[in-house]
Amino acid sequence: MSEEEEVQISDSEEARACISRLLKAIEGWAVKESNKNELEVTAFAAALASGIISFHEFSSKDCRKSQQLLGAISRAKQHIDKEFKKFDGEIDKMHVKFAQEMEELDLKIIRDRKEFKHYLVSLIYAEEYNKLRTKVTNIFETLDSKSRYEDTPSS
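How each quantity is defined
- Residues numbered from 1 in each chain as written.
- Predicted model: local features only at pLDDT ≥ 70, side-chain atom pairs only at ≥ 80, totals over all residues.
- Heavy atoms only, no water.
- Phe/Tyr/Trp six-rings, centres within 6.5 Å; stacked < 30°, edge-to-face > 60°.
- Helix = DSSP H or I, 4+ residues; strand = E, 2+ residues; numbered from the N terminus.
- Buried < 20%, exposed > 50% of the residue type's maximum accessible area, 1.4 Å probe, protein only.
- 1 Å grid on protein atoms, 1.4 Å probe; cavity = no way out; pocket = protein on both sides within 12 Å on 5 of 7 lines; lining within 4 Å.
- Points joined across faces, edges and corners; volume = space filled by probe spheres on them.
- Salt bridge = Lys/Arg side-chain N within 4 Å of Asp/Glu carboxyl O.

Visitor: Lay out the packing of aromatic side chains with the relevant residues and their values.
Guide: Considering all chains together, one arrives at two aromatic pairs under this definition. Consider the rings of Trp29 and Phe44, whose centres lie 5.2 Å apart with planes at 75 degrees: the pair is edge-to-face. Placement of the pair is Trp29 in helix α2 (residues 13–34) and Phe44 in helix α3 (residues 38–49), with a sequence separation of 15 residues. Residues Phe55 and Phe58 carry aromatic rings whose centres are separated by 5.3 Å and whose planes lie at 50 degrees to one another, so their mutual orientation is tilted. With a relative accessible area of 25%, Phe55 lands in the partly exposed category.

Visitor: Explain the layout of surface pockets to me, using residue names and the numbers behind them.
Guide: Here the largest pocket defines a volume of roughly 160 Å³. Along its surface, the largest pocket is lined by Arg16, Ile19, Ser20, Ser59, Lys61, Asp62 and Lys65. Those elements giving two or more residues to the lining of the largest pocket turn out to be α2 and α4 (60–65).

Visitor: Can you break down the pattern of salt bridges residue by residue, with the values?
Guide: Enumeration over the complete set of coordinates arrives at seven salt bridges. In this structure, Lys82 engages Glu38 in a salt bridge whose closest nitrogen and oxygen atoms are separated by 2.8 Å. Taken together, the residues span a long stretch of sequence, with Lys82 in helix α5 (residues 67–111) and Glu38 in helix α3 at a distance of 44 residues. Among the residues examined, Lys82 registers a relative accessible area of 41% and is labelled partly exposed. Of the charged contacts in the structure, one is a salt bridge between Lys86 and Glu83, with a shortest N-O distance of 3.2 Å. On the criterion of helical spacing, the pair formed by Lys86 and Glu83 is a turn pair, its members being three residues apart in helix α5. Residue class for Lys86 comes out partly exposed when judged on its relative accessible area of 40%. The structure contains a network of salt bridges with shared partners spanning Glu38, Lys82, Glu83 and Lys86.

As C-alpha cells, this is what we get:
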C-alpha cells in the first residue's frame, strides 16, 4: 500500500461522511446534555474540558455546520460562568465576614483591654511581691536565727 492510497483512505469521501456522522452524533449528545439540570450541565462541561473530544481538530466547515453544537457549548459555558461568579461572590462574602469578625475580635480585645491590663499589672505585682517576699523572708530568717543564738559570755 503506497502513501497515496493511505492519504486517499483518510481523506476519502466515505471517511469525510463518517466524520460528519460522528460530528452529528456529538452535536446530538451535546444538545441533550446542555438541556439537563445544573449538576448535569456541570458534568457536561467537565466532559467537554476533559479533552476526550479534540475540538481543535474540527474544521471551519464542520463548525459552520454544527451551530447546535456551538449553542450547547455556549449554554455550558454560561452555566459554568454563572457558577464561578456565584462561588467567587461567596468567597468575597466570606472575606468580608472574616474581616468583620477580625474587627469584632479587635474590638473585643479593646473592650477587654482594661481587664487584660489589670491581668498584666497583677502579673507584674505578683513578681515584684515574690522578689520582696524572698528578700524579706531571708532577712527574717537571718534575724530569727540570730535571736535564737545565745551569746556566750566572754571570759
